[in-house]
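# Structural characterization, general
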Number of protein chains: 2
Amino acid sequence: MARDTLTRDQIVSAAIELLDADGIDGLSMRRLGHRLGSAATAVYWHVEDKDNLVGLAADELWGEVDLPDLDQVDWRTAATSMAAGMHAMLGHHPWLMQALSNHPVYGRGKARYDDHALAVFEKAGFVEAAADQASATVFVFVLGCALGPAAEFSLTRRLSRDKGKPEQHLADVAAQATEIAAQFPRLRQRLPAFDGASYSAVPDNTFEYGLAAILDGFESRLGRPAPPQAPLSHERGH
Amino acid sequence: MARDTLTRDQIVSAAIELLDADGIDGLSMRRLGHRLGSAATAVYWHVEDKDNLVGLAADELWGEVDLPDLDQVDWRTAATSMAAGMHAMLGHHPWLMQALSNHPVYGRGKARYDDHALAVFEKAGFVEAAADQASATVFVFVLGCALGPAAEFSLTRRLSRDKGKPEQHLADVAAQATEIAAQFPRLRQRLPAFDGASYSAVPDNTFEYGLAAILDGFESRLGRPAPPQAPLSHERGH
DNA sequence: ATCAGACTTGCACACCGTTCAAGAGGCGAG
DNA sequence: CTCGCCTCTTGAACGGTGTGCAAGTCTGAT
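In the annotation of an unreviewed UniProt entry, chain A is listed under the name TetR/AcrR family transcriptional regulator C-terminal domain-containing protein and assigned to Myceligenerans pegani.

Looking only at helices and strands, chain A has 11 helices and zero strands in total. Per-residue burial over chain A gives 53% buried out of 238 residues. A sequence separation of at least 24 residues applies to 70% of the contacts in chain A between residues at least 6 apart. For chain A, the accessible surface area stands at approximately 11200 Å², while carbon and sulfur atoms represent 53% of it.

Turning next to the protein's contact with DNA strand D. The immediate surroundings of DNA strand D are formed by 20 residues, with A:Arg30, A:Tyr44, B:Ala39, B:Trp45 and B:His46 found nearest. A:Tyr44 is positioned with one of its side-chain polar atoms (N or O) 2.5 Å from a phosphate oxygen of DNA strand D. A distance of 3.2 Å separates a sugar or linking oxygen of DNA strand D from a polar side-chain atom of B:Thr5. Listed by contribution, the elements that provide at least two residues to the surface near DNA strand D are α2 (29–36) of chain A together with α3 (43–46) of chain B. Of the residues that constitute the surface near DNA strand D, the class distribution is 10 nonpolar, six polar and four charged.

Looking now at the confidence of the model for chain A. The pLDDT averaged across chain A works out to 89; a share of 88% of its residues lies at or above 70. Ranking the elements of chain A by mean pLDDT puts helix α10 (residues 185–190) of chain A last with 83 and helix α5 (residues 75–92) of chain A first with 98.

In this section: the interface of chain A and chain B. Contacts between chain A and chain B engage 93 residues on the former and 92 residues on the latter. Carbon and sulfur atoms supply 56% of the area that chain A and chain B bury against each other, a total of about 8300 Å² over both sides. Applying the counting rule to chain A against chain B returns 10 salt bridges. Here B:Glu179 and A:Arg108 are joined by a salt bridge, their closest N and O atoms 3.0 Å apart. Contributing elements (two or more residues each) for the side of chain A that touches chain B: α4 (50–64), α5, α6 (95–102), α7 (108–124), α8 (129–161), α9 (165–183), α10 and α11 (206–223) of chain A. The greatest single-element share of the side of chain A that touches chain B, amounting to 21 residues, is contributed by α8(A).

Another aspect to go through is the pattern of salt bridges. By the definition in use, this model includes 20 salt bridges over all chains. A salt bridge links B:Arg35 to B:Glu17, with the shortest nitrogen-to-oxygen separation between them at 2.2 Å. You can see B:Arg35 sitting in helix α2 (residues 29–36) and its partner B:Glu17 sitting in helix α1 (residues 8–22), a full 18 residues away along the chain. Of the residues examined, B:Glu17 reaches a relative accessible area of 43% and is grouped as partly exposed. Here the residues in one salt-bridge network are A:Arg76, A:Asp216, A:Glu219 and B:Arg221, joined through shared partners.

Definitions and cut-offs
- Residues numbered from 1 in each chain as written.
- Chains lettered and ligands numbered in written order.
- Predicted model: local features only at pLDDT ≥ 70, side-chain atom pairs only at ≥ 80, totals over all residues.
- Heavy atoms only, no water.
- Helix = DSSP H or I, 4+ residues; strand = E, 2+ residues; numbered from the N terminus.
- Buried < 20%, exposed > 50% of the residue type's maximum accessible area, 1.4 Å probe, protein only.
- Contact = heavy atoms within 4.5 Å.
- Areas by Shrake-Rupley, 256 points an atom, 1.4 Å probe, with all protein chains shown as cover.
- Near = heavy atom within 4 Å.
- Polar contact = N/O pair within 3.5 Å; in protein donor to acceptor, adjacent residues only side chain to side chain.
- Nonpolar A, V, L, I, M, F, W, Y, C, P; charged D, E, K, R; others polar.
- pLDDT = per-residue confidence, 0-100.
- Buried area = accessible area lost by both parts, 1.4 Å probe.
- Salt bridge = Lys/Arg side-chain N within 4 Å of Asp/Glu carboxyl O.

Rendered as C-alpha coordinates:
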(Lines give C-alpha, C1' and ligand atoms only; values in the text may rest on other atoms or scores of the structure.)
Protein backbone atom coordinates (compact mmCIF):
# COMPACT_ATOMS: atom_id res chain seq x y z
CA MET A 1 0.00 0.00 0.00
CA ALA A 2 1.37 3.33 -1.01
CA ARG A 3 2.36 5.56 1.85
CA ASP A 4 0.09 8.43 0.94
CA THR A 5 -2.99 6.77 -0.45
CA LEU A 6 -6.43 8.26 -0.32
CA THR A 7 -9.21 6.68 1.68
CA ARG A 8 -12.89 6.82 1.02
CA ASP A 9 -13.38 8.12 4.53
CA GLN A 10 -10.75 10.79 4.11
CA ILE A 11 -12.40 11.93 0.94
CA VAL A 12 -15.86 11.97 2.43
CA SER A 13 -14.88 13.93 5.50
CA ALA A 14 -12.88 16.43 3.46
CA ALA A 15 -15.91 16.81 1.24
CA ILE A 16 -18.10 17.46 4.25
CA GLU A 17 -15.76 20.18 5.46
CA LEU A 18 -15.82 21.85 2.08
CA LEU A 19 -19.57 21.52 1.86
CA ASP A 20 -20.13 22.96 5.30
CA ALA A 21 -17.86 25.87 4.57
CA ASP A 22 -18.95 26.85 1.10
CA GLY A 23 -22.13 25.05 0.27
CA ILE A 24 -22.71 22.63 -2.53
CA ASP A 25 -21.41 24.96 -5.21
CA GLY A 26 -18.23 25.37 -3.23
CA LEU A 27 -17.39 21.71 -3.62
CA SER A 28 -15.59 21.09 -6.86
CA MET A 29 -13.54 18.04 -7.57
CA ARG A 30 -10.48 20.18 -8.18
CA ARG A 31 -10.86 22.01 -4.89
CA LEU A 32 -11.39 18.71 -3.16
CA GLY A 33 -8.30 17.29 -4.78
CA HIS A 34 -6.28 20.30 -3.77
CA ARG A 35 -7.54 19.98 -0.23
CA LEU A 36 -6.45 16.36 -0.14
CA GLY A 37 -3.08 17.13 -1.68
CA SER A 38 -3.88 15.08 -4.72
CA ALA A 39 -4.89 15.56 -8.27
CA ALA A 40 -8.56 16.20 -8.75
CA THR A 41 -9.13 13.04 -10.68
CA ALA A 42 -7.57 10.78 -8.08
CA VAL A 43 -10.86 10.86 -6.25
CA TYR A 44 -12.54 9.01 -9.08
CA TRP A 45 -10.77 5.84 -8.23
CA HIS A 46 -12.43 5.73 -4.81
CA VAL A 47 -15.79 7.22 -5.70
CA GLU A 48 -17.91 6.75 -8.75
CA ASP A 49 -19.37 10.15 -9.13
CA LYS A 50 -19.75 13.55 -7.59
CA ASP A 51 -23.37 12.75 -6.84
CA ASN A 52 -22.23 9.54 -5.26
CA LEU A 53 -19.77 11.42 -3.13
CA VAL A 54 -22.27 13.84 -1.69
CA GLY A 55 -24.60 10.89 -1.20
CA LEU A 56 -21.96 9.26 0.94
CA ALA A 57 -21.42 12.48 2.80
CA ALA A 58 -25.13 12.79 3.47
CA ASP A 59 -25.43 9.26 4.73
CA GLU A 60 -22.42 9.77 6.97
CA LEU A 61 -24.24 12.66 8.63
CA TRP A 62 -27.44 10.66 9.04
CA GLY A 63 -25.38 8.15 10.90
CA GLU A 64 -24.16 10.77 13.35
CA VAL A 65 -27.56 11.81 14.64
CA ASP A 66 -27.86 10.39 18.11
CA LEU A 67 -30.88 8.30 18.92
CA PRO A 68 -32.84 8.22 22.16
CA ASP A 69 -32.94 5.09 24.30
CA LEU A 70 -36.46 3.83 23.91
CA ASP A 71 -36.46 2.08 27.26
CA GLN A 72 -35.79 5.31 29.10
CA VAL A 73 -38.36 7.72 27.67
CA ASP A 74 -41.94 7.66 26.51
CA TRP A 75 -42.64 7.63 22.82
CA ARG A 76 -43.54 11.30 22.58
CA THR A 77 -40.28 12.55 24.01
CA ALA A 78 -38.44 9.99 21.94
CA ALA A 79 -40.11 11.22 18.77
CA THR A 80 -39.45 14.82 19.73
CA SER A 81 -35.83 14.05 20.42
CA MET A 82 -35.33 12.30 17.12
CA ALA A 83 -36.97 15.11 15.24
CA ALA A 84 -34.85 17.64 17.08
CA GLY A 85 -31.70 15.70 16.29
CA MET A 86 -32.52 15.60 12.62
CA HIS A 87 -33.52 19.25 12.66
CA ALA A 88 -30.23 20.22 14.26
CA MET A 89 -28.27 18.13 11.80
CA LEU A 90 -29.96 19.74 8.85
CA GLY A 91 -29.32 23.12 10.41
CA HIS A 92 -25.62 22.43 10.73
CA HIS A 93 -25.27 21.27 7.14
CA PRO A 94 -27.59 23.40 5.03
CA TRP A 95 -26.28 21.99 1.77
CA LEU A 96 -27.96 18.72 2.68
CA MET A 97 -31.33 19.92 1.47
CA GLN A 98 -29.90 20.65 -1.94
CA ALA A 99 -28.25 17.26 -1.96
CA LEU A 100 -31.43 15.49 -0.91
CA SER A 101 -33.53 17.23 -3.53
CA ASN A 102 -31.04 16.18 -6.18
CA HIS A 103 -30.37 12.59 -5.27
CA PRO A 104 -32.20 10.23 -2.92
CA VAL A 105 -30.10 8.88 -0.09
CA TYR A 106 -30.21 5.18 0.65
CA GLY A 107 -27.55 4.19 3.07
CA ARG A 108 -26.67 2.59 6.33
CA GLY A 109 -26.88 5.84 8.26
CA LYS A 110 -30.23 6.76 6.89
CA ALA A 111 -31.53 3.25 7.46
CA ARG A 112 -30.37 3.38 11.04
CA TYR A 113 -32.38 6.53 11.60
CA ASP A 114 -35.46 5.23 9.83
CA ASP A 115 -35.35 2.01 11.76
CA HIS A 116 -35.23 3.77 15.08
CA ALA A 117 -38.03 6.11 14.08
CA LEU A 118 -40.15 3.14 13.19
CA ALA A 119 -39.44 1.61 16.56
CA VAL A 120 -40.58 4.80 18.27
CA PHE A 121 -43.96 4.74 16.63
CA GLU A 122 -44.40 1.05 17.16
CA LYS A 123 -43.84 1.69 20.82
CA ALA A 124 -46.46 4.41 20.61
CA GLY A 125 -48.94 1.79 19.56
CA PHE A 126 -49.20 2.40 15.86
CA VAL A 127 -49.85 -0.84 14.05
CA GLU A 128 -48.52 -1.94 10.70
CA ALA A 129 -48.61 0.71 8.00
CA ALA A 130 -49.72 3.38 10.45
CA ALA A 131 -46.26 3.34 12.01
CA ASP A 132 -44.69 3.95 8.62
CA GLN A 133 -47.06 6.80 7.92
CA ALA A 134 -46.66 8.44 11.30
CA SER A 135 -42.91 8.16 11.11
CA ALA A 136 -42.85 9.51 7.58
CA THR A 137 -45.07 12.39 8.57
CA VAL A 138 -42.73 13.84 11.13
CA PHE A 139 -39.76 12.98 8.94
CA VAL A 140 -41.19 14.91 6.05
CA PHE A 141 -42.19 17.78 8.28
CA VAL A 142 -38.68 18.19 9.61
CA LEU A 143 -37.30 18.12 6.09
CA GLY A 144 -39.67 20.88 5.08
CA CYS A 145 -38.59 22.98 8.02
CA ALA A 146 -35.02 22.86 6.78
CA LEU A 147 -35.75 24.08 3.31
CA GLY A 148 -36.04 27.78 4.02
CA PRO A 149 -32.80 28.09 5.98
CA ALA A 150 -31.01 25.98 3.40
CA ALA A 151 -32.08 28.31 0.63
CA GLU A 152 -31.07 31.33 2.65
CA PHE A 153 -27.66 29.81 3.32
CA SER A 154 -27.10 29.01 -0.29
CA LEU A 155 -28.10 32.49 -1.37
CA THR A 156 -25.89 34.13 1.20
CA ARG A 157 -22.89 32.10 0.15
CA ARG A 158 -23.48 33.00 -3.45
CA LEU A 159 -23.92 36.68 -2.72
CA SER A 160 -20.84 36.90 -0.60
CA ARG A 161 -18.76 35.50 -3.43
CA ASP A 162 -19.11 38.62 -5.55
CA LYS A 163 -19.14 41.54 -3.17
CA GLY A 164 -21.25 44.54 -3.91
CA LYS A 165 -24.14 42.30 -4.79
CA PRO A 166 -25.54 41.93 -1.27
CA GLU A 167 -26.80 45.48 -0.91
CA GLN A 168 -28.30 45.45 -4.37
CA HIS A 169 -30.08 42.25 -3.56
CA LEU A 170 -31.38 43.71 -0.32
CA ALA A 171 -32.72 46.66 -2.22
CA ASP A 172 -34.48 44.38 -4.68
CA VAL A 173 -36.06 42.36 -1.91
CA ALA A 174 -37.15 45.50 -0.11
CA ALA A 175 -38.80 46.85 -3.25
CA GLN A 176 -40.49 43.53 -3.82
CA ALA A 177 -41.65 43.49 -0.22
CA THR A 178 -43.24 46.93 -0.32
CA GLU A 179 -45.03 46.07 -3.54
CA ILE A 180 -46.35 42.90 -1.98
CA ALA A 181 -47.26 44.67 1.22
CA ALA A 182 -49.34 47.11 -0.78
CA GLN A 183 -51.24 44.35 -2.47
CA PHE A 184 -51.72 42.04 0.50
CA PRO A 185 -52.45 44.04 3.64
CA ARG A 186 -52.92 40.91 5.70
CA LEU A 187 -49.37 39.85 4.99
CA ARG A 188 -47.98 43.25 5.82
CA GLN A 189 -49.81 43.26 9.10
CA ARG A 190 -48.58 39.82 10.04
CA LEU A 191 -45.01 39.52 8.98
CA PRO A 192 -42.78 41.92 10.87
CA ALA A 193 -39.78 41.34 8.63
CA PHE A 194 -41.53 43.10 5.82
CA ASP A 195 -39.55 46.30 6.02
CA GLY A 196 -36.50 45.25 4.09
CA ALA A 197 -34.27 42.36 5.16
CA SER A 198 -35.75 39.04 4.16
CA TYR A 199 -39.37 38.07 4.05
CA SER A 200 -40.21 34.54 4.96
CA ALA A 201 -43.64 33.09 5.50
CA VAL A 202 -42.19 30.59 7.95
CA PRO A 203 -41.71 31.89 11.50
CA ASP A 204 -38.72 30.79 13.53
CA ASN A 205 -40.52 28.49 15.92
CA THR A 206 -42.46 26.62 13.28
CA PHE A 207 -40.49 23.51 14.07
CA GLU A 208 -41.52 23.36 17.72
CA TYR A 209 -45.07 24.43 17.03
CA GLY A 210 -45.69 22.13 14.10
CA LEU A 211 -44.08 19.13 15.70
CA ALA A 212 -46.24 19.52 18.80
CA ALA A 213 -49.33 19.83 16.62
CA ILE A 214 -48.46 16.70 14.69
CA LEU A 215 -47.86 14.68 17.83
CA ASP A 216 -51.13 16.00 19.24
CA GLY A 217 -52.79 14.72 16.12
CA PHE A 218 -51.18 11.34 16.60
CA GLU A 219 -52.37 11.13 20.17
CA SER A 220 -55.94 11.91 19.27
CA ARG A 221 -55.66 9.31 16.52
CA LEU A 222 -54.36 6.67 18.91
CA GLY A 223 -57.34 7.22 21.14
CA ARG A 224 -59.92 6.20 18.56
CA PRO A 225 -59.78 3.72 15.69
CA ALA A 226 -58.55 5.33 12.49
CA PRO A 227 -61.46 6.68 10.46
CA PRO A 228 -61.63 5.59 6.83
CA GLN A 229 -60.25 8.32 4.60
CA ALA A 230 -60.56 8.79 0.87
CA PRO A 231 -57.34 9.81 -0.87
CA LEU A 232 -57.19 13.38 -2.07
CA SER A 233 -56.94 14.06 -5.74
CA HIS A 234 -53.42 14.98 -6.74
CA GLU A 235 -54.63 16.51 -9.96
CA ARG A 236 -55.62 20.12 -10.25
CA GLY A 237 -59.10 20.61 -11.60
CA HIS A 238 -59.34 23.13 -14.38
CA MET B 1 -39.79 48.17 -30.87
CA ALA B 2 -38.20 45.47 -32.93
CA ARG B 3 -40.62 43.04 -34.53
CA ASP B 4 -39.26 39.90 -32.91
CA THR B 5 -38.27 40.95 -29.47
CA LEU B 6 -38.12 38.69 -26.47
CA THR B 7 -40.50 39.12 -23.58
CA ARG B 8 -39.89 38.27 -19.98
CA ASP B 9 -43.03 36.18 -20.04
CA GLN B 10 -41.96 34.32 -23.16
CA ILE B 11 -38.64 33.56 -21.57
CA VAL B 12 -40.15 32.42 -18.31
CA SER B 13 -42.68 30.11 -19.91
CA ALA B 14 -40.09 28.63 -22.24
CA ALA B 15 -37.90 28.08 -19.23
CA ILE B 16 -40.73 26.30 -17.44
CA GLU B 17 -41.24 23.97 -20.38
CA LEU B 18 -37.57 23.11 -20.45
CA LEU B 19 -37.49 22.63 -16.70
CA ASP B 20 -40.54 20.39 -16.71
CA ALA B 21 -39.11 18.28 -19.49
CA ASP B 22 -35.52 17.88 -18.40
CA GLY B 23 -35.20 19.05 -14.84
CA ILE B 24 -33.05 21.83 -13.55
CA ASP B 25 -29.87 20.49 -15.11
CA GLY B 26 -31.61 20.38 -18.46
CA LEU B 27 -32.08 24.13 -18.46
CA SER B 28 -29.03 25.80 -19.87
CA MET B 29 -28.99 29.32 -21.16
CA ARG B 30 -27.86 28.10 -24.56
CA ARG B 31 -30.66 25.57 -24.80
CA LEU B 32 -33.11 28.21 -23.70
CA GLY B 33 -31.81 30.61 -26.30
CA HIS B 34 -32.05 27.97 -28.98
CA ARG B 35 -35.61 27.23 -27.94
CA LEU B 36 -36.48 30.91 -28.21
CA GLY B 37 -34.77 31.24 -31.58
CA SER B 38 -32.28 33.71 -30.16
CA ALA B 39 -28.73 33.76 -29.05
CA ALA B 40 -28.17 32.41 -25.60
CA THR B 41 -27.02 35.71 -24.24
CA ALA B 42 -30.04 37.66 -25.42
CA VAL B 43 -31.85 36.44 -22.33
CA TYR B 44 -29.52 38.42 -20.14
CA TRP B 45 -31.02 41.67 -21.21
CA HIS B 46 -34.41 40.69 -19.79
CA VAL B 47 -33.30 38.70 -16.77
CA GLU B 48 -30.46 39.31 -14.40
CA ASP B 49 -29.35 35.82 -13.70
CA LYS B 50 -30.13 32.18 -14.14
CA ASP B 51 -31.09 31.98 -10.50
CA ASN B 52 -33.33 34.94 -11.03
CA LEU B 53 -34.94 33.25 -13.98
CA VAL B 54 -35.85 30.08 -12.16
CA GLY B 55 -37.04 32.26 -9.29
CA LEU B 56 -39.43 33.95 -11.69
CA ALA B 57 -40.51 30.60 -13.03
CA ALA B 58 -41.17 29.32 -9.54
CA ASP B 59 -43.21 32.35 -8.58
CA GLU B 60 -45.21 32.04 -11.77
CA LEU B 61 -46.20 28.55 -10.74
CA TRP B 62 -47.13 29.64 -7.24
CA GLY B 63 -49.47 32.07 -8.85
CA GLU B 64 -51.23 29.34 -10.78
CA VAL B 65 -52.33 27.28 -7.80
CA ASP B 66 -56.04 27.83 -7.47
CA LEU B 67 -57.37 28.95 -4.13
CA PRO B 68 -60.60 27.87 -2.45
CA ASP B 69 -63.40 30.34 -1.84
CA LEU B 70 -63.41 30.84 1.88
CA ASP B 71 -67.06 31.75 2.00
CA GLN B 72 -68.09 28.44 0.51
CA VAL B 73 -66.22 25.88 2.59
CA ASP B 74 -65.20 25.37 6.20
CA TRP B 75 -61.62 26.02 7.15
CA ARG B 76 -60.58 22.40 7.26
CA THR B 77 -61.60 21.65 3.71
CA ALA B 78 -60.12 24.94 2.63
CA ALA B 79 -56.80 24.10 4.21
CA THR B 80 -56.89 20.62 2.74
CA SER B 81 -57.64 22.00 -0.67
CA MET B 82 -54.82 24.51 -0.53
CA ALA B 83 -52.39 21.88 0.60
CA ALA B 84 -53.54 19.55 -2.15
CA GLY B 85 -53.15 22.30 -4.73
CA MET B 86 -49.61 22.99 -3.62
CA HIS B 87 -48.84 19.30 -3.44
CA ALA B 88 -50.10 18.77 -6.98
CA MET B 89 -48.15 21.74 -8.24
CA LEU B 90 -44.94 20.46 -6.71
CA GLY B 91 -45.67 17.07 -8.20
CA HIS B 92 -46.06 18.49 -11.67
CA HIS B 93 -42.82 20.45 -11.49
CA PRO B 94 -40.34 18.37 -9.54
CA TRP B 95 -37.46 20.71 -10.27
CA LEU B 96 -39.13 23.23 -7.98
CA MET B 97 -37.75 21.60 -4.88
CA GLN B 98 -34.24 21.97 -6.17
CA ALA B 99 -34.95 25.56 -7.04
CA LEU B 100 -36.45 26.29 -3.65
CA SER B 101 -33.55 24.74 -1.80
CA ASN B 102 -31.14 26.86 -3.78
CA HIS B 103 -32.82 30.23 -3.73
CA PRO B 104 -35.70 31.56 -1.61
CA VAL B 105 -38.72 32.70 -3.60
CA TYR B 106 -40.28 36.02 -2.76
CA GLY B 107 -42.83 37.05 -5.32
CA ARG B 108 -46.34 38.05 -6.06
CA GLY B 109 -47.48 34.50 -6.71
CA LYS B 110 -46.01 33.16 -3.52
CA ALA B 111 -47.39 36.08 -1.55
CA ARG B 112 -50.83 35.44 -2.96
CA TYR B 113 -50.70 31.87 -1.75
CA ASP B 114 -49.35 32.79 1.67
CA ASP B 115 -51.97 35.45 2.11
CA HIS B 116 -54.80 33.08 1.37
CA ALA B 117 -53.36 30.42 3.65
CA LEU B 118 -53.22 32.97 6.43
CA ALA B 119 -56.85 33.84 5.81
CA VAL B 120 -57.80 30.19 6.10
CA PHE B 121 -56.30 29.83 9.53
CA GLU B 122 -57.67 33.13 10.71
CA LYS B 123 -61.06 31.84 9.76
CA ALA B 124 -60.33 28.71 11.72
CA GLY B 125 -59.96 30.86 14.79
CA PHE B 126 -56.22 31.03 15.20
CA VAL B 127 -55.23 34.34 16.68
CA GLU B 128 -52.18 36.40 15.89
CA ALA B 129 -48.95 34.46 15.60
CA ALA B 130 -50.74 31.15 15.91
CA ALA B 131 -52.19 31.64 12.43
CA ASP B 132 -48.70 32.15 11.04
CA GLN B 133 -47.43 29.07 12.76
CA ALA B 134 -50.33 26.87 11.78
CA SER B 135 -50.11 28.04 8.19
CA ALA B 136 -46.37 27.53 8.11
CA THR B 137 -46.73 24.06 9.58
CA VAL B 138 -48.83 22.66 6.79
CA PHE B 139 -46.80 24.64 4.26
CA VAL B 140 -43.59 23.10 5.44
CA PHE B 141 -45.13 19.65 5.63
CA VAL B 142 -46.24 19.79 2.01
CA LEU B 143 -42.79 20.93 0.98
CA GLY B 144 -41.24 18.01 2.76
CA CYS B 145 -43.60 15.61 1.03
CA ALA B 146 -42.35 16.82 -2.32
CA LEU B 147 -38.69 16.22 -1.61
CA GLY B 148 -38.55 12.51 -2.20
CA PRO B 149 -40.31 12.51 -5.56
CA ALA B 150 -38.24 15.48 -6.64
CA ALA B 151 -35.04 13.64 -5.91
CA GLU B 152 -36.29 10.57 -7.70
CA PHE B 153 -37.21 12.63 -10.73
CA SER B 154 -33.85 14.32 -10.85
CA LEU B 155 -32.05 11.02 -10.54
CA THR B 156 -34.12 9.40 -13.25
CA ARG B 157 -33.48 12.26 -15.62
CA ARG B 158 -29.78 12.03 -14.99
CA LEU B 159 -29.69 8.28 -15.42
CA SER B 160 -31.63 8.35 -18.65
CA ARG B 161 -29.14 10.78 -20.13
CA ASP B 162 -26.38 8.19 -20.34
CA LYS B 163 -28.05 4.92 -21.13
CA GLY B 164 -26.76 1.72 -19.69
CA LYS B 165 -26.47 3.36 -16.32
CA PRO B 166 -30.01 2.63 -15.14
CA GLU B 167 -29.60 -1.10 -14.72
CA GLN B 168 -26.26 -0.68 -13.00
CA HIS B 169 -27.80 1.78 -10.61
CA LEU B 170 -30.66 -0.60 -9.90
CA ALA B 171 -28.17 -3.30 -9.12
CA ASP B 172 -26.32 -1.00 -6.72
CA VAL B 173 -29.51 -0.05 -4.94
CA ALA B 174 -30.59 -3.65 -4.69
CA ALA B 175 -27.26 -4.64 -3.18
CA GLN B 176 -27.47 -1.76 -0.73
CA ALA B 177 -31.02 -2.77 0.14
CA THR B 178 -30.18 -6.36 0.95
CA GLU B 179 -27.26 -5.27 3.10
CA ILE B 180 -29.54 -2.90 4.98
CA ALA B 181 -32.27 -5.48 5.24
CA ALA B 182 -29.82 -7.84 6.86
CA GLN B 183 -28.83 -5.29 9.45
CA PHE B 184 -32.27 -3.87 10.21
CA PRO B 185 -34.88 -6.60 10.25
CA ARG B 186 -37.62 -4.19 11.23
CA LEU B 187 -37.08 -2.21 8.07
CA ARG B 188 -37.11 -5.31 5.91
CA GLN B 189 -40.34 -6.44 7.44
CA ARG B 190 -42.00 -3.12 6.92
CA LEU B 191 -40.95 -1.76 3.59
CA PRO B 192 -42.21 -3.92 0.76
CA ALA B 193 -40.10 -2.19 -1.86
CA PHE B 194 -37.00 -3.67 -0.34
CA ASP B 195 -36.47 -6.28 -2.97
CA GLY B 196 -34.72 -4.19 -5.56
CA ALA B 197 -36.31 -1.16 -7.20
CA SER B 198 -36.13 1.87 -4.98
CA TYR B 199 -36.33 1.99 -1.25
CA SER B 200 -38.02 4.97 0.28
CA ALA B 201 -38.95 5.42 3.91
CA VAL B 202 -41.87 7.60 2.87
CA PRO B 203 -45.02 5.69 1.84
CA ASP B 204 -47.17 6.99 -0.98
CA ASN B 205 -50.07 8.23 1.09
CA THR B 206 -47.99 10.13 3.58
CA PHE B 207 -49.42 13.36 2.27
CA GLU B 208 -53.03 12.47 3.05
CA TYR B 209 -52.21 10.79 6.31
CA GLY B 210 -49.90 13.47 7.64
CA LEU B 211 -52.10 16.34 6.60
CA ALA B 212 -55.06 14.81 8.38
CA ALA B 213 -52.97 14.28 11.49
CA ILE B 214 -51.78 17.87 11.46
CA LEU B 215 -55.27 19.22 11.10
CA ASP B 216 -56.43 16.93 13.88
CA GLY B 217 -53.73 18.45 16.01
CA PHE B 218 -54.94 21.91 15.13
CA GLU B 219 -58.50 21.06 16.07
CA SER B 220 -57.54 19.71 19.42
CA ARG B 221 -55.44 22.83 19.92
CA LEU B 222 -58.31 25.11 19.05
CA GLY B 223 -60.44 23.41 21.66
CA ARG B 224 -58.24 24.32 24.60
CA PRO B 225 -56.00 27.32 25.26
CA ALA B 226 -52.49 26.77 23.96
CA PRO B 227 -50.26 25.20 26.62
CA PRO B 228 -46.99 26.98 27.32
CA GLN B 229 -44.16 25.22 25.56
CA ALA B 230 -40.44 25.54 26.02
CA PRO B 231 -38.45 25.70 22.79
CA LEU B 232 -36.44 22.60 21.97
CA SER B 233 -32.70 22.80 21.88
CA HIS B 234 -31.39 22.98 18.33
CA GLU B 235 -27.94 21.93 19.41
CA ARG B 236 -26.85 18.36 19.62
CA GLY B 237 -25.56 17.43 23.02
CA HIS B 238 -22.20 15.69 22.97
C1' DA C 1 14.69 -8.81 -10.06
C1' DT C 2 10.50 -8.98 -11.89
C1' DC C 3 5.71 -8.59 -12.48
C1' DA C 4 0.87 -7.56 -11.47
C1' DG C 5 -2.09 -4.86 -9.64
C1' DA C 6 -3.47 -0.77 -6.86
C1' DC C 7 -3.45 3.84 -7.21
C1' DT C 8 -2.15 8.58 -9.24
C1' DT C 9 -1.44 11.99 -12.76
C1' DG C 10 -2.00 15.34 -16.54
C1' DC C 11 -4.22 16.21 -20.51
C1' DA C 12 -8.34 16.68 -23.10
C1' DC C 13 -13.21 17.21 -24.07
C1' DA C 14 -17.59 19.16 -23.95
C1' DC C 15 -20.30 22.00 -21.61
C1' DC C 16 -21.59 25.56 -18.36
C1' DG C 17 -22.91 30.77 -16.76
C1' DT C 18 -21.64 35.15 -17.74
C1' DT C 19 -19.13 39.55 -19.67
C1' DC C 20 -18.41 42.70 -23.19
C1' DA C 21 -17.61 45.30 -27.26
C1' DA C 22 -19.81 45.60 -31.43
C1' DG C 23 -23.74 45.58 -34.30
C1' DA C 24 -28.70 45.83 -35.90
C1' DG C 25 -33.19 47.65 -35.88
C1' DG C 26 -37.23 50.74 -35.01
C1' DC C 27 -38.67 55.41 -33.46
C1' DG C 28 -38.97 60.26 -32.51
C1' DA C 29 -36.88 64.81 -33.71
C1' DG C 30 -35.17 67.81 -37.05
C1' DC D 1 -36.12 61.85 -45.63
C1' DT D 2 -32.43 61.40 -42.43
C1' DC D 3 -30.12 61.56 -38.47
C1' DG D 4 -29.12 60.00 -33.91
C1' DC D 5 -30.73 57.61 -29.94
C1' DC D 6 -32.22 53.94 -27.44
C1' DT D 7 -33.58 49.27 -27.09
C1' DC D 8 -32.35 44.91 -28.02
C1' DT D 9 -29.43 41.12 -30.13
C1' DT D 10 -25.17 38.92 -31.37
C1' DG D 11 -20.76 36.23 -31.40
C1' DA D 12 -16.60 35.68 -29.41
C1' DA D 13 -14.23 35.00 -25.34
C1' DC D 14 -13.09 33.80 -20.30
C1' DG D 15 -12.74 31.00 -16.47
C1' DG D 16 -14.87 27.41 -14.50
C1' DT D 17 -17.10 22.71 -14.17
C1' DG D 18 -17.41 17.13 -14.13
C1' DT D 19 -15.34 13.47 -16.06
C1' DG D 20 -12.77 9.82 -19.57
C1' DC D 21 -8.48 8.05 -20.74
C1' DA D 22 -3.79 6.67 -21.62
C1' DA D 23 0.27 6.88 -19.36
C1' DG D 24 2.77 6.76 -15.36
C1' DT D 25 4.34 5.50 -10.43
C1' DC D 26 4.59 3.03 -6.45
C1' DT D 27 4.12 -1.38 -3.48
C1' DG D 28 4.03 -5.80 -2.14
C1' DA D 29 4.31 -10.74 -3.50
C1' DT D 30 6.84 -14.11 -6.11
